[in-house]
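Structural overview
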Amino acid sequence: MSGALASKPYMIAADIGTTSAKTLVIDRNGVVLGSHSIEYPLFTPRADIAEQDPDEIFAAVRTGIAEVIRKAGISAQQVLFVSFSSAMHSLIALDRDLNPLTRCITWADNRSAGYVEPLKRDLNGHQIYLNTGTPIHPMSPLLKLMWMKDNEPELHDKTYKFVGIKEYVFAKLFGQVIIDHSLASATGMFNLRELDWDKQALEVTGVRQEQLPKPVPTTYILEGLNSAYAAEMGLDPSTPFIAGASDGVLANLGVGAFEPGKYAVTIGTSGAVRGVVRQPLTDPEGRLFCYNLKDDFWVIGGPINNGGIMLRWARDQLATLEAEEARRQGIDPYDRLTEIAASVAPGSDGLLFLPFLTGERAPYWNANSRGVFFGLSMQHEKKHMVRAVMEGVMYRIHSVLRPLEALGGPTQELRASGGFARSTFWRQLMADVLGTELTVPNTIESSGLGAAQLGLLALGETRDFSSIYDWIREGVRHEPNKENGVIYERLSEIYMNVYKSLRGSFDDISAFQQQNQGRN
Ligand code: ADP
């Protein structure tokens, strides 16, 4: 420990998420001494729009820092640094005075969906993916800017800077318009190998390079904090702020999944599988993302829309009565669904569920895919359907993990997190379907811990991330059951074949659904 760490023993991590800003005070042993969370709304005036108010988020960050300092009972002089983690893919247009001309357009915004196919077909989209590592999808600022060029040309042209939410916060606090390499690598416009804006991407968006923030390493230190804001947050204006990175890559660091063969799997409402490689790697088939943390730390992986939300659907639409009865008895309905699923043999007696109820991202990025029960026969009951739903989510994870292993090497260990991990049954199911040992680290603040580790590196307090292992409290461990694994291996294969053979029909049924929306 250096002198600085002894006299300034506390680190602040601010995580700007999609639903809330979460601030933590962490001590040198990785113990979270205080946390504060402030939610903000998502505006969805139309089905394809998902925006937020940048100033509301900026205020939440400031209040969050002030509150967490107060809650932890520490003084401004004891704060070593403030480091950041942020949701990816957001876009805000700023004027010359760094005031917003738009709301914050979030990753969930779908207005640019019509640009995906033309970009892939006519504008060399696949090459742009190979350069930038961001899959071609409406979440990406690249697509949003293509949309803006056609639909709001004046705004597109007169915008001084296009930034994301964390860049906006820094612009306000420091008057500097910078973007860390990690968030830049999730814009779809950042060349991973040159670590600079990609010429081809700039061409298709029509954005001039000077309209974009200056890319800096994630360990970049911002100094010269606006003194009025410093006072409001209860910080000394000389406190260093660390540029930080995206929540996804910091979560890999924060759960200790950054060595070869260690993959992080998160299943909350949605889900993701991610691993770390030493240099930028993109997938020849465009299935996976590649995002930067630092020069020798690149996170590859795939996000899935249909994670825990599938069990929620089963709870609310399939097992309504059972869920209601559980509630009356004071039991969590998810626990009841788990019990129901556990009463059926592995493989649900040959019933498969393809959980594409909300379309899908990785690995095939097919917004038109839809849910399917396959193999239904007279012997199948509701309990089989519930188990098939839980198994189906794991086949999804399987289908992302396999291409990931092709780039990042075979799996040695999975580190799992998210709401699904509350169920022992579902965790074991994951180990069995994926045929791999699974651990659930006992931390819930993984992105915040990752941001703190990054801050220590930035200030030269540490040379690598190995101390994260002292910070993570080891949780439960699951060994895969080989017998069940044989069944799941066979069913995963059938699942993939069913998916592939339905591709054309998915387009047809989703077109039909769009045309007939709202009819009785
Ligand atoms: P979010 O991604 O919105 O932060 P969570 O990480 O809390 O959400 O995950 C919510 C999901 O976790 C639910 O949709 C459900 O599928 C799953 N889940 C929550 N509790 C349980 C439980 N007791 N058993 C099984 N699954 C659960």
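Small disclaimer: the values here were computed from a predicted structure and weren't measured. (Residues numbered from 1 in each chain as written. Predicted model: local features only at pLDDT ≥ 70, side-chain atom pairs only at ≥ 80, totals over all residues. Heavy atoms only, no water.)

**Quick look at the sheet that holds strand E18 (residues 297-304)**
Reading across from one edge, E17-E18-E16-E15-E21-E22-E23 is the order of the seven strands in this open sheet, with mixed pairing throughout. The sheet is open, and its two edges are formed by strand E17 (289-294) and strand E23 (476-478), each paired on a single side. Strand-to-strand, the axes of this sheet are offset by a mean angle of 25 degrees, without reference to chain direction. Sheet topology places strand E16 (residues 271-277) next to E18; seven bridges connect them, and they run antiparallel. For Arg-274, the partnering residue across the bridge sits in E18 and is Gly-301. (Pairing = 2+ DSSP bridges. Helix = DSSP H or I, 4+ residues; strand = E, 2+ residues; numbered from the N terminus. Axes fitted to C-alpha atoms, helices over the stretch in contact; angles between N-to-C directions.)

**Some thoughts on the packing of aromatic side chains**
Enumeration over the complete set of coordinates arrives at 22 aromatic pairs. Between Phe-258 and Phe-465, the aromatic rings sit 6.2 Å apart at their centres with planes inclined by 85 degrees, giving edge-to-face as the arrangement. Residue Phe-258 is located in the loop between helix H11 (247-254) and strand E15 (262-267), and its partner Phe-465 is located in the loop between helix H17 (446-458) and helix H18 (468-471); the two are separated by 207 residues in the primary sequence. Note on accessibility: Phe-258 and Phe-465 belong to one class, buried. One aromatic cluster is present, formed by Phe-356, Tyr-364, Tyr-395, Tyr-488, Tyr-495, Tyr-499 and Phe-506 through successive ring pairs. (Phe/Tyr/Trp six-rings, centres within 6.5 Å; stacked < 30°, edge-to-face > 60°. Buried < 20%, exposed > 50% of the residue type's maximum accessible area, 1.4 Å probe, protein only.)

**Some remarks on the pairing of E16**
For E16, the buried fraction is high: seven of the seven residues fall into the buried class. Note: E15 against E16, four bridges, orientation antiparallel. Across the sheet, residue Ala-264 finds its bridge partner in E16, namely Arg-274. Linking E15 to E16, which pair antiparallel, is a turn of three residues.

**Quick look at the environment of Gly-301**
For Gly-301, the position within the fold is in strand E18. Considering only alpha carbons, one finds Gly-301 and Asp-508, 207 residues apart in sequence, at a separation of 29 Å. If we ignore the near neighbours within four places in the chain, the residues touching Gly-301 are Val-273, Arg-274, Leu-288, Phe-289 and Leu-404. (Contact = heavy atoms within 4.5 Å.)

**A word on the side chain of Gln-211**
Tracing the backbone shows Gln-211 in the loop between helix H9 (199-205) and strand E12 (214-216). Within polar-contact distance, the side chain of Gln-211 engages the backbone oxygen of Thr-159 at 2.9 Å. The residues contacting Gln-211, other than those within four sequence positions of it, are His-156, Asp-157, Thr-159, Tyr-160, Lys-161, Phe-162 and Gly-206. (Polar contact = N/O pair within 3.5 Å; in protein donor to acceptor, adjacent residues only side chain to side chain.)

**A word on the domain arrangement of the protein**
Per the domain assignment, the segments making up the protein are domain 1 (3-249) and domain 2 (309-434 + 481-514). Its C-alpha centre places domain 1 at a distance of 33 Å from the equivalent point of domain 2. (Domains from an automatic or database assignment.)

**Considerations on the site of the ligand**
The full set close to the ligand counts 14 residues, and Thr-269, Gly-308, Asp-335, Gly-419 and Arg-422 are the nearest of them. When the ligand is considered free in solution it has 580 Å² of accessible area, and contact with the protein chains removes 74% of it. Listing elements by their share of the shell around the ligand, those giving two or more residues are helix H12 (309-318) and helix H14 (333-342). (Near = heavy atom within 4 Å. Areas by Shrake-Rupley, 256 points an atom, 1.4 Å probe, with all protein chains shown as cover.)

**With respect to the packing of H11 against H17**
Relative to each other, H11 and H17 sit at 85 degrees, their axes nearing to 7 Å. As judged from the angle between their axes, H11 and H17 are roughly perpendicular. When H11 is examined against H17, the residues Asp-247, Leu-250, Ala-251, Leu-253 and Gly-254 are found in contact with a partner set consisting of Ser-446, Ser-447, Leu-449, Gly-450, Ala-451, Gln-453 and Leu-454. Here the contact of H11 with H17 is composed, by residue class, of six nonpolar, five polar and one charged. (Parallel < 35°, antiparallel > 145°, perpendicular 65-115°, else oblique. Nonpolar A, V, L, I, M, F, W, Y, C, P; charged D, E, K, R; others polar.)

**Describing the nonpolar core**
Proteins that are soluble and globular tend to have nonpolar side chains buried together. In terms of nonpolar packing, the biggest core is built from 119 residues, with Leu-142, Leu-293, Met-394 and Met-430 touching the most fellow members. Looking at this core, the element that brings in the most residues is helix H15 (residues 382-408), giving twelve residues. Structurally, this core is a two-domain feature, drawing no fewer than three residues from each of domain 1 (3-249) and domain 2 (309-434 + 481-514). Apart from residues no more than four positions distant in its own chain, Met-430 is found in contact with Val-265, Ile-267, Met-394, Ala-416, Phe-420, Gly-435 and Leu-438. (Core = buried A, V, L, I, M, F, W, Y, C linked by side-chain atoms within 4.5 Å.)

**What to know about the sheet that holds strand E14 (residues 241-246)**
Read across the sheet, six strands follow the order E3-E2-E1-E5-E14-E13 without closing on themselves; strand pairing throughout is mixed. The open sheet is flanked by strand E3 (32-39) and strand E13 (221-222), the only strands paired with a single partner. Inspection of the sheet shows strand E1 (residues 10-16) paired to strand E2 (residues 20-26) by six bridges, in the antiparallel sense. Directly across from Ile-16, in E2, lies its bridge partner Ala-21. Taken strand by strand, helix H7 (residues 165-174) contacts E1, strand E5 (79-86), E13 and E14, and its axis lies near 170 degrees from that of E14.

**Notes on the pattern of salt bridges**
Taken as a whole, this structure holds 28 salt bridges when the rule is applied. Salt-bridge contacts for Arg-121 lead to Asp-122; the nearest nitrogen and oxygen are separated by 3.2 Å. Between Glu-413 and Arg-415 there is a salt bridge; the shortest N-O distance is 3.0 Å. Taking relative accessible area as the criterion, Glu-413 reaches 11% and is therefore assigned buried. Among the residues examined, Arg-415 registers a relative accessible area of 4% and is labelled buried. Taken together, the shared-partner salt bridges in this structure form one network comprising Glu-51, Arg-103, Asp-109 and Arg-111. (Salt bridge = Lys/Arg side-chain N within 4 Å of Asp/Glu carboxyl O.)

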